Structures are given as C-alpha cells and as structure tokens.
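Here is how the chains run, residue by residue.
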Amino acid sequence: MDPTMTDRTDDIERSVIAILARQAVRDPADLSPGDRLEALGIDSMGLVETIFAIEETFDVSVPFNANAPEAGGMDLTTVGTVVEAVRGLVSSKAA
Amino acid sequence: MRRVVITGAGTVNPLGDNLVDTWAALRDGRVAIGPLDIPDADRLAHPIGAAVSGFDPTAHFPAQRLGLLDRFSQFALVAAREAMGQAGLVPDPALGPRAGVILGNSGGGMTTQDEGFRAVYEGGRIRVHPFTVPRLMGNAPSAHLTMEFGFTGPSFTVSSACASSNHAIGQALAMIRSGQADVMLTGGTEAMLTFGGLKAWEGLRVMSPTGCRPFCTSRDGMVQGEGAAVFVLEAEEHARARGAQVLAVVAGAAMTSDARDIVMPDRDGAAAAMTGALRDADLAHGDIGYINAHGTGTAANDRTECAAIRQALRHAAGAVAISSTKSLHGHLIGGAGAVELLACLLALREGVIAPTAGLRARDPDCDLDIVANAARRAPVAATLSNAFAFGGMNAVIALTAS
C-alpha cells in the first residue's frame, strides 16, 4: 500500500473522531469504532451538526436527509461506519 | 364575550394572487411547487419551492413607495386591500381608533437583508440602501397596513416561526373579544425564498429534493413557499350593524407551549392546543368536519400530529377529514396559518375540502381520514387549523360557519 495513502486515511480517521468527540463532549481517546452515535449522546440534531462539521472539514457533501436517514446510502450509526463513509466520500472526490 | 366574525379575506400566494384563484387552485388540488428561479439557485442543494410567480409590484405601488416595501410588505398590502374590499370597509375617522393590525411573520424582510448582506460582504460595497432598516423590520408590513387604512388602534407583528399567523389571528380575536378593538386586520406574510433564506433551511437537512408529500410513506421533507393572507376580523355586532357579509365565525383559538425541544414536535403540546381551541369555541369533538393539518411533510411532524389529533379528538378522530395544503402551496413559514385558513373558509362556505397532493402510499402511522389527491365534497360546519412551530409553540384556530 502506498504509505502516503495510509497517512491520509489515518488523518481522516483522526479528524472524524475529533469531530465526533467534540460533538459528544468526550476525549477522542475514549471513542471506539464500535461505539454507536446514540450511545455517545449524539442525537438527530447532533448528527446534523456532525455532518456539517464533516462537510466543512473535508469539503465534501454528505447525502443525508433527516426525514429518510437511510436513503443517502450512508451508514452513520457508529464511529467506525462514519469514518468509513467519510473515507468513501473523500476518495470519490479525489477520483 | 363578544363574538368575532371574518368579513373579508385576501391573499397573494403561490396558488393565486387573489381569493377566487386560490380557492379554485385548492379545489383543483393544483401543486404550485416547482424549480426556483432566484440568483444562485444552482448553489442550492434542492432548488425547488412554491414561489409567487407573475407578481408585478409596479402594478400595485408607485415607484416612490416601492422603495420602502420589501416583498413581504408588498404581499401583505395587496392581500389586505382585497380583504378590506371584500369587507366593504373604507378608511373612516370614526373607525380608525377602534381598528388595528396584527400580522404574523418569521423572517422579516429577507429580500432586503439578502441584498444588503450581498452588497457589503460579497460585493465589498461600503453602503446599503438607505431604507434597509424600515424595509426589513418585522413590523413593517403591519405598519404599512395601518397607514394604508388609517387604523390607529393596536398594531404589531407576531413572530413564532411556523405558527406566527395563527398566533396573530388568535391575538386579534382576543383583542376584539376584550373590547380593545372592533376591527382587526390579521393573518401573516412571508417572503423567504431568497438564497440566504433557503440556505438556512437547507442546513437542518429537512428539506425535500422532490416535493411536499405529507402523510405519504415516500415523503422526504418540506418545501418552502411564500406569500400572504390577510383577514378582516370584526366584532359580530359591528359587522351586523353595517350589514356586512359574514364569511365565517372565529369561534375559538388556543396557544400552548411544549416546553421540551427547540425543533422536535411534541404530541401533548399539539393535542393541548387543539383541545383548547375546541373548549374556547365551545365545540364538541364530533363537531369538527375538517382539520387543516400543519402537515409539513417531515416524518417528525406528520406522525406526531396524527397522534395528537387522535389524542385531542378521541373517538371522533377517525371521522374528521384532514388535509395538508402545504403539499400545494408549500410551507409559508410565518404566513402558513393565514393561507391555510383560506382552505378552512373554502370547506365552510362551499363544502369543498382541499386535498393533500402527491399522496402515493399512506404512512400507517398516519392512519386518519386524509383527503388525498382530489378534493372532497362534504358539508362542514366547523374547522380547526393547526400550526406547530419550532420552539414548541402551538396555535390552533377554530372556525364555524355561523
């Protein structure tokens, strides 16, 4: 694997976890990939704010409609799935 | 307590720029939602809305006056002129001190704000139009109505987001009942289809990319509209004494607060507002023939509202016809309740219940008698019009035919 790619994806993970930790008012070190956003206290409004922070940080558009959360094809239920979703958006932007 | 009646109604909204055209569109279930033609529409996530198209301000106002009128004041004035004309009221020194204005509005003069901010931030200009403040202030439309008709009694603008119009109408009702005024112009106006106004809503992720389909499993959010409706509310004895035509009786109103969440609706607060309006109007559950739902087309609203209707109307809930005309004219935010009261008037006067458009498959959580896709003929003696705002502020208006 291209080492610069690894660095970049690690950066993505770090940034996403920092955003989620800020939203959850917790230390980033306390977040694990399997943590559910709801369990971290991130409710539907918190999710909307999180998505805004992700879009501003990575210059991407997250296809999310609060009326149909599943419709965008993104799994935003856990820390790990959010990281993967952002990775996907960033890589399709680069492509 | 004095009884209060509606003796005039006027409107400019996406369905029409007068009452007759609006009623025709409501009867036909005509959808006025479409692509938006505004500056920078290509930078909107979902560039659709229900705009007032073909409105020519210069046909209504001389150039000098237009400089003082944001679009939301223009709508209010044109609607008020129609309402006053229908009521047969003319400026009169004896009436003036006994007459006032309470309008609902949420955004203020958004066109003026948008243009001013563009000029100084984006355009790098060092000055904005000299009338920026008198144009954008929220009380401007109410003020212009007082000046137009010489109403020197109480006047102000109510701002409670999506419930602004119903709060205004409820407050106007209270003022006439209490004897503070004999005649009130009331209703609401909104002109928020600006780039900034739409961007703000976009942020909440509740706007539909496709259209407004309340109570439908395919619904994906709300669609903004714009416009105004204004009513002449009058003490019944005042109206009868001058031989005025009575369009409907404003039988009751109620306002409640959820005191829970800034955006999520609450069944109990909404139900309490409906129950309160019934009590205030001295109506029984089974008397209501039509409810114009708040019906925004968001999952959160529609399910909560249907549960609230069940709670408030109890055994009679299944028998009442319900529709959301936002599916036709969009969500007029601070002007919503006023335009939606026109659908209640149509039901009471003509026995025509305007439909909820675009309903493909009923949401099982909205298991009520939703009038879908085509208007229904039914005699209606009493109506409720619901408005449930962000901030948990609820206001419900009850009308009766006589």
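What counts as what
Residues numbered from 1 in each chain as written. Chains lettered and ligands numbered in written order. Predicted model: local features only at pLDDT ≥ 70, side-chain atom pairs only at ≥ 80, totals over all residues. Helix = DSSP H or I, 4+ residues; strand = E, 2+ residues; numbered from the N terminus. Rg over C-alpha atoms; globule rule 2.2 N^0.38 Å. Buried ≥ 20, exposed ≤ 12 C-beta atoms within 10 Å, placed from the backbone. Contact = placed C-beta atoms within 7 Å. Pairing = 2+ DSSP bridges. Axes fitted to C-alpha atoms, helices over the stretch in contact; angles between N-to-C directions. Arc of directions from axis to C-beta. Core = buried A, V, L, I, M, F, W, Y, C linked by C-beta atoms within 7 Å. Parallel < 35°, antiparallel > 145°, perpendicular 65-115°, else oblique. Left-handed = near helix turned anticlockwise from the far one by under 90°. Nonpolar A, V, L, I, M, F, W, Y, C, P; charged D, E, K, R; others polar. pLDDT = per-residue confidence, 0-100.

(A) Spatial organisation of the overall build of chain B. Per the secondary structure count, chain B includes 13 helices and 15 strands. Taking 402 residues into account, the globule formula puts the C-alpha radius of gyration at 21 Å, and chain B, at 20 Å, falls close to it. For chain B, the spread of C-alpha atoms along the three principal axes comes to 65 × 55 × 40 Å. Taking all 402 residues of chain B together, the buried fraction comes to 59%.

(B) Fine view of the overall build of chain A. Along its length, chain A carries three helices and zero strands. Relative to the 2.2 N^0.38 estimate, which gives 12 Å for 95 residues, the radius of gyration of chain A is 13 Å and therefore close to what a compact globule would have. The C-alpha extent of chain A, read off along each of the three principal axes, is 35 × 30 × 20 Å. For chain A, restricting intrachain contacts to residue pairs at least 6 apart in sequence, the fraction spanning at least 24 positions comes to 55%.

(C) The arrangement of the sheet that holds strand β15 (residues 393-400) of chain B in detail. All names here are of chain B. Strand order in the open sheet formed by 11 strands is β5-β4-β6-β7-β1-β8-β15-β14-β9-β10-β12, with mixed pairing between adjacent strands. Both outer strands of the open sheet, β5 (155-158) and β12 (369-370), are each paired with one neighbouring strand and no more. Across eight bridges, strand β1 (residues 4-12) lies against strand β7 (residues 227-235) in antiparallel orientation. Bridge pairing in β7 links Gly 10 to Val 230. Here helix α10 (residues 267-281) sits on the sheet and contacts β8 (248-257), β14 (382-389) and β15; the angle it forms with β8, its principal contact strand, is near 145°.

(D) Summary view of the pairing of β8 of chain B. All names here are of chain B. Among the 10 residues that make up β8, eight are buried, leaving the element largely enclosed by the rest of the structure. Sheet analysis places β1 next to β8, joined by two bridges and oriented antiparallel. Looking at the pairing, Ile 6 lines up with Ala 248 of β8. Bridge count for β8 against β15 is eight bridges, and the pairing is antiparallel. The partner of Thr 256 across the bridge, within β15, is Asn 394.

(E) Layout of helix α1 (residues 19-28) of chain B. All names here are of chain B. Listing the buried residues of α1 in full gives Leu 19, Thr 22, Trp 23, Ala 25 and Leu 26. On an axial view of α1, the arc spanned by its buried residues comes to 160°, and they lie on one face. Gly 29, located one to two residues past α1, shows a positive phi value of around 65°.

(F) Molecular detail of the nonpolar core. The biggest cluster of nonpolar side chains holds 132 residues, and the ones touching the most others in it are Met 184, Met 274, Ala 277 and Ala 398 of chain B. Here the element with the most residues in this core is helix α13 (residues 336-350) of chain B; it accounts for 11 residues. Setting aside its immediate chain neighbours within four residues, Met 274 of chain B contacts Ala 308, Ile 309, Ala 312, Leu 384, Asn 386 and Val 396 of chain B. Counting 17 residues, the second-largest nonpolar core is a separate cluster that includes Ile 19, Ala 24, Val 79 and Val 82 of chain A.

(G) Fine view of helix α8 (residues 195-202) of chain B. Residues and elements named next belong to chain B. Taken residue by residue, α8 has Gly 197, Leu 198 and Trp 201 as its buried positions. Along α8, the residues classed as buried sweep out an arc of 95° about the axis, all on the same side. Looking at the buried residues of α8, the elements they touch are α4 (110-122).

(H) Structural view of the packing of helix α3 (residues 71-87) of chain B against helix α6 (residues 140-149) of chain B. Residue and element names in this part refer to chain B. In the contact formed by α3 and α6, the axes pass within 9 Å of each other and the chain directions differ by 40°. It follows that α3 is oblique to α6 by the angle criterion. By crossing handedness, the relation of α3 to α6 is classed as right-handed. Contact with α3, carried on its side by Phe 72, Ser 73, Ala 76, Leu 77, Ala 80 and Met 84, involves Ala 140, Pro 141, His 144, Leu 145, Glu 148 and Phe 149 of α6 and no other residues of that element. Looking at side-chain class alone, the contact of α3 with α6 contains nine nonpolar, two polar and one charged residues.

(I) Region of interest: the confidence of the model for chain A. For chain A, per-residue confidence averages 89 on the pLDDT scale, and 91% of positions sit at 70 or higher. Element-level mean pLDDT values for chain A span from 82 in helix α1 (residues 3-24) of chain A up to 94 in helix α2 (residues 44-58) of chain A.

(J) Just the pairing of β15 of chain B, in detail. Residues and elements named next belong to chain B. The buried fraction of β15 is high, at eight of eight residues. The two faces of β15 match: Met 393, Ala 395, Ile 397 and Leu 399 on one face and Asn 394, Val 396, Ala 398 and Thr 400 on the other face are all buried. Where β14 hands over to β15, the hairpin turn is made up of three residues, of which Gly 391 adopts a positive phi near 95°.

(K) Quick look at the environment of Gly 252 of chain B. Residue and element names in this part refer to chain B. Secondary-structure assignment places Gly 252 in strand β8. Taking the C-alpha atoms as reference, Gly 252 lies 7.9 Å from Asp 282; in sequence the two are 30 residues apart. Setting aside its immediate chain neighbours within four residues, Gly 252 contacts Ala 277, Asp 280, Ala 281 and Ala 398.

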